[in-house]
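# Descriptive analysis of the structure
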Amino acid sequence: MKAFFYLITIAALLVFSGCSTKQVFKPTKDTIGSWENEDDLNESIIDVTSNGALLEDGSVLVKDSVINPHISVENERLIGISDKWIITSEIDGNLTLISRDDNSVRDLFELKKTVAAASVKDDLLAVVFASNELAIYSIESKKIIFHSQGNAPLAVNAKIVNPYFLDDLVLFLTLDGKIVIVNSKEKKVLRSIIVSSAENFNNITSFSVVDDNLVAATGYKLLSLANKEIREPYEIRNMKYDKDGIYIATKQGEVVNLTPSLQVKSKIKFPFAHFLGMIVTDERVYLLEKEGYIISLSKDLASYDLYDVSISKDSYIYVGDKAFYVDDEFFYIK
């Protein structure tokens, strides 16, 4: 299972620092100047998950705040933050739940398999293993109450999404491009939805539920599910979903605003742009670009401003609700 972590490391380098390319983004308009809203994080980011980042001193960045559960950075990998727990794992399958309120409260699960993703709700621990096995455990008894064997992936993208709880349902975002919906009370699969069928790097990388609409993405395809399943091919780097629709940033340097039924409302292209992160607020869309820019777009994508930022090409990137975190500093949105 060590190979899984090597694949994650390679994918992380591709996703967070970006592959070297012959052509890079060159703005066609002048920047306004340097981005003024920045500050020091004090500790460097050393690992990133779908909803948190591990810092060098063992503390954890959650959205836009830092908590200190005293994680052993030598042995433990951050899996995510879920319910009232911080979830970590070791390569041999030891998974630990650490209370966000009292880091002396810990619960160890000796799962004996490498963990790729996990989430908690009440007494339930939902796990996706590196082999693409799916499981649900009772936290109190530590007994397995559901198990399903998926197809083992050859290679995965670093942006692995943790399981999602929706009332009595557990939505597993698998490593082979599916959404597997399990009824936790009946302990059975209700439905399996294919997002993408690509052979490699096909895990679910983004997932949102807004009102009655479910949106999921792999690196190659976008799925919207409400009354019916709709899919569109996009090579997606970032995705956000809010009241104004779905916003995606693509590997081709496009920013696209879509309706929940995946109809294009507006789009704009920044040739050769490599987007490292996206923040969507009520008023603007912000993108961090690898060459050292923050692009501030109107929500209709009709206009934008450019700002200079200083970023290292090999830094870990974590995106909070209101800030881009780069290595040991952050650029925040007022």
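Within every chain, residues take consecutive numbers counted from 1 along the sequence as written. pLDDT decides what is reported in this predicted model: residues at 70 or higher carry local features, side-chain atom pairs at 80 or more are listed and counted, and totals for whole chains, interfaces and linings draw on all residues regardless. As a rule here, side-chain values come from all non-hydrogen atoms in the structure, and water together with hydrogens is ignored.

Moving on: the overall build of the protein. The helix and strand tally for the protein stands at 1 helix and 33 strands. Taken over C-alpha atoms, the radius of gyration is set against a globule rule of 2.2 Å times the number of residues to the power 0.38. Here the C-alpha radius of gyration of the protein, 19 Å, is about what a compact globule of 334 residues would show, namely 20 Å. Within the span of the protein, comprising 334 residues, buried residues form 55% of the whole. A separation threshold of at least 6 residues defines the contact pool for the protein, and within that pool the share at least 24 residues apart is 45%. All accessible-area figures derive from a Shrake-Rupley calculation using a 1.4 Å probe, and residue coverage is judged against the displayed protein chains alone. Of the roughly 15,200 Å² of accessible surface on the protein, a fraction of 46% belongs to carbon and sulfur atoms. Starting at the N terminus, helices and strands are each numbered in turn, a helix being any DSSP run of H or I of at least four residues and a strand any DSSP run of E of at least two. Partly exposed residues are those whose accessible area sits between 20% and 50% of the maximum for their type, while under 20% is buried and over 50% is exposed, using a 1.4 Å probe and protein chains only. Any pair of residues with heavy atoms lying within 4.5 Å of one another is described as a contacting pair.

Let's shift gears to unusual backbone geometry. Positive phi outside glycine occurs at K63, with the angle close to 55°. Tracing the backbone through its elements, the reader meets K63 in the loop between strand 5 (60–62) and strand 6 (65–67). A positive phi is found at D83, a non-glycine position, where the angle reads about 55°.

What follows is about the nonpolar core. We define the nonpolar core as a collection of buried residues of types Ala, Val, Leu, Ile, Met, Phe, Trp, Tyr and Cys that are connected through side-chain atoms lying within 4.5 Å of one another. Counting 18 residues, the largest nonpolar core has V255, F270, F275, L287, I295 and L297 as its most contacted members. Elements that contribute at least two residues to this core include exactly strand 24 (245–250), strand 27 (275–280), strand 28 (284–289), strand 29 (293–298) and strand 30 (304–308). If near-sequence neighbours (up to four positions away) are discounted, F275 is found in contact with R237, N238, A249, T250, G253, E254, V255, F270, L287, L288, E289 and I295.

The next subject is the pattern of salt bridges. Salt bridges, as used here, are contacts in which a Lys or Arg side-chain nitrogen is within 4 Å of a carboxyl oxygen on Asp or Glu. Under the definition given, this model contains 12 salt bridges. The partner of D244 in a salt bridge is K299, with the nearest N and O atoms 2.7 Å apart. On the criterion of sequence distance, the pair formed by D244 in the loop between strand 23 (236–242) and strand 24 and K299 in the loop between strand 29 and strand 30 is long-range, its members being 55 residues apart. You can call K299 buried: its relative accessible area is 11%. Here E291 and K313 are joined by a salt bridge, their closest N and O atoms 4.0 Å apart. Of the two residues, E291 sits in the loop between strand 28 and strand 29 while K313 sits in the loop between strand 30 and strand 31 (317–319), which places them 22 residues apart along the sequence. Exposure remark for E291: the relative accessible area of 26% places this residue in the partly exposed category.

Within the open sheet, the 4 strands sit side by side as 3-4-5-6. Their pairing is antiparallel. In this open sheet, the two strands that pair with only one neighbour each are strand 3 (45–48) and strand 6. Across the sheet, the mean angle separating the axes of adjacent strands is 30° when strand polarity is ignored. What makes two strands pair is DSSP finding at least two bridges between them. As a rule, the C-alpha atoms of each element are fitted with a line to give its axis, helices using only the stretch in contact, and angles between N-to-C directions run from 0 to 180 degrees.

Before going further, it helps to examine the environment of Y316. Mapped onto the fold, Y316 is located in the loop between strand 30 and strand 31. Overall, the relative accessible area of 28% leaves Y316 in the partly exposed class. Sequence-wise, Y316 and K84 are 232 residues apart; in three dimensions their C-alpha atoms are separated by 25 Å.

Of note, R191 is situated in strand 18 (residues 188–194). Each polar contact in these results corresponds to two N or O atoms within 3.5 Å; when the atoms are within protein, one needs to be able to donate a hydrogen and the other to accept it, and residues that are neighboring in sequence are counted only if both atoms are side-chain atoms. Reaching out from R191, the side chain makes a polar contact with the side chain of E229 at a distance of 2.6 Å.

What follows concerns the sheet that holds strand 2 (residues 38–40). Spatially, 2-33-32-31 is the arrangement adopted by the 4 strands of the open sheet, whose pairing is antiparallel. Either end of the sheet is taken by a strand with one partner, and the two such strands are strand 2 and strand 31. Pairs of neighbouring strands in the sheet enclose a mean axial angle of 20°, with direction left out of account. Across 3 bridges, the pairing between strand 31 and strand 32 (residues 323–326) is antiparallel. Bridged to I317 within strand 32 is V326.

So, on to the side chain of N157. One can find N157 in the loop between strand 14 (144–148) and strand 15 (164–166). Residue class for N157 comes out buried when judged on its relative accessible area of 15%. In terms of polar contacts, N157 uses its side chain to reach the backbone amide nitrogen of K159, at 2.8 Å.

Take the confidence of the model for the protein next. Known as pLDDT, the predictor's per-residue confidence is scaled from 0 to 100. Overall, the predicted model of the protein reaches an average pLDDT of 92, with 93% of residues at or above 70. Low pLDDT, under 50, characterises residues 9–21; the stretch is placed with 28 contacts to residues that sit more than four places away or in other chains.

Another point: the pairing of strand 18. Pairing of strand 17 (residues 178–183) with strand 18 involves 6 bridges; the strand directions are antiparallel. Within strand 18, the residue paired with I181 across the bridge is R191. Count of turn residues in the strand 17/strand 18 antiparallel hairpin: 4 residues, of which K187 carries a positive phi of about 60°.

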